[in-house]
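Chain and residue survey
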Amino acid sequence: MPGSIDPASAGSSRTGDASGCPASGGGGLLPAELRTWMRVLAAAGAVEQQLRKHVKEAMGVSHDEFLILCLLADQPGNTLRMTRIAELLGRPKTRLTYQVACLQHADLVVRESVCGDRRGVALTLTNKARRLLAQHSPALAAAVNQVLADSIGPTHCEALSDLLAQASSAPAATRDPDARTGDSKTVS
């Protein structure tokens, strides 16, 4: 399929020819799980590249700021603690400080102390941010759908969405090297 994502081309241009790459035949040095992970990263990178452009032009925020807004929008009360945002984005809390300041300056979030925790800080979306997300979300969703449809096709796009929804709702567990025998350890 034209434009499909190949782990050998992850990180190179989408138009590059990967047929000469040792990994393109599937028999390279990487096991199947790592090749699959490289495909996931390539698909996510393609979506992120498209979103960066649209988010900056349409909403006037950076991609990282947009991710914070999306996390907040998906929570009851549109509120999350900074530490939880850092965990979900896989970034140190100190790195979020700049993005939060920009969002506050743009009147898109309110920063408040958490009752009973003098060090806890929670962010809440403002009405302005809710309106901005409601206005631009359909176009951003269409951009994501287009990138994924171009990369993996509409049928696989729907299947991927279903699989990721299942994965995100599953309990966090880490497996032993003997995981194929059914033994597992749950991380608490």
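Residues numbered from 1 in each chain as written. Predicted model: local features only at pLDDT ≥ 70, side-chain atom pairs only at ≥ 80, totals over all residues. Heavy atoms only, no water.

In the annotation of an unreviewed UniProt entry, the entry for the chain reads MarR family winged helix-turn-helix transcriptional regulator, and the organism field reads Streptomyces carpinensis.

1. So, the overall build of the chain
Along the backbone of the chain there are six helices and five strands. What you see in the chain, going N to C, is helices and strands ordered as α-α-β-α-α-β-β-α-α-β-β. For the chain, buried positions account for 28% of its 188 residues. Surface accessibility of the chain: about 12,300 Å² in total, with carbon and sulfur atoms responsible for 55%. (Helix = DSSP H or I, 4+ residues; strand = E, 2+ residues; numbered from the N terminus. Buried < 20%, exposed > 50% of the residue type's maximum accessible area, 1.4 Å probe, protein only. Areas by Shrake-Rupley, 256 points an atom, 1.4 Å probe, with all protein chains shown as cover.)

2. Some details on the pairing of strand β2 (residues 109–114)
Relative to strand β3 (residues 117–125), β2 runs antiparallel, the two sharing six bridges. What sits directly across from Val110, in β3, is Thr124. (Pairing = 2+ DSSP bridges.)

3. Describing the packing of helix α1 (residues 32–59) against helix α5 (residues 127–152)
Running from amino to carboxyl end, α1 crosses α5 at an angle of 150°, the nearest separation of the two axes being 10 Å. As judged from the angle between their axes, α1 and α5 are roughly antiparallel. The chirality of how α1 crosses α5 is right-handed. Where α1 abuts α5, its residues Ala43, Ala46, Val47, Gln50, Leu51, His54, Val55, Ala58 and Met59 lie against Leu132, Leu133, His136, Leu140, Ala143, Val144, Val147 and Leu148. (Axes fitted to C-alpha atoms, helices over the stretch in contact; angles between N-to-C directions. Parallel < 35°, antiparallel > 145°, perpendicular 65-115°, else oblique. Left-handed = near helix turned anticlockwise from the far one by under 90°. Contact = heavy atoms within 4.5 Å.)

4. Comments concerning the nonpolar core
With 32 residues, the main nonpolar core has Leu69 and Ile85 as its most contacted residues. Mapped by element, the contributors of at least two residues to this core are α1, α2 (63–73), α3 (82–89), α4 (93–105), β3 and α5. For Leu69, the contacting residues outside a window of four places in its chain are Met59, Leu103, Leu108, Val109, Leu125, Ala129 and Leu133. (Core = buried A, V, L, I, M, F, W, Y, C linked by side-chain atoms within 4.5 Å.)

5. Remarks on a positive patch on the surface
On the surface, a cluster of positive charge is contributed by Lys93, Arg111, Arg118 and Arg119. Along the chain, the position of Arg118 falls in strand β3. The exposure class assigned to Arg118 is exposed, which follows from its relative accessible area of 81%. (Patch = residues over 30% accessible without salt bridge, like charges linked within 9 Å, V, L, I, M, F, W, Y side chains within 5 Å. Salt bridge = Lys/Arg side-chain N within 4 Å of Asp/Glu carboxyl O. Lys, Arg positive; Asp, Glu negative; His and termini not counted. Charge placed at Lys NZ, Arg CZ, Asp CG, Glu CD.)

6. Observations regarding α2
The buried fraction of α2 amounts to eight of the eleven residues, a majority that puts the element mostly inside the structure. Along α2, the residues classified as buried are His63, Asp64, Glu65, Phe66, Ile68, Leu69, Leu71 and Leu72.

7. Notes on the pattern of salt bridges
According to the stated counting rule, one finds four salt bridges in the structure shown. With its nearest N and O atoms 3.1 Å apart, the salt bridge here joins Asp64 to Arg91. Here Asp64, found in helix α2, pairs with Arg91, found in the loop between α3 and α4; they are 27 residues apart in sequence, far enough to count as distant. Given a relative accessible area of 18%, Arg91 falls into the buried group. Measuring nitrogen to oxygen at the nearest pair gives 2.9 Å for the salt bridge that ties Arg84 to Glu87. One end of the pair, Arg84, and the other, Glu87, are both in helix α3, three residues apart, so they sit about a helical turn from each other. The network of salt bridges with shared partners includes Asp64, Arg91 and Arg95.

8. Details of the environment of Leu51
Structurally, Leu51 is set in helix α1. In sequence terms Leu51 and Ala141 are 90 residues apart; their C-alpha atoms lie 9.3 Å from each other. With residues near it in sequence (within four places) discarded, Leu51 still touches His63, Phe66, Leu140 and Val144.

9. A look at the pairing of β3
As paired strands, strand β1 (residues 79–81) and β3 are joined by three bridges and run antiparallel to one another. Looking at β3, one finds that Leu80 is bridged to Leu123.

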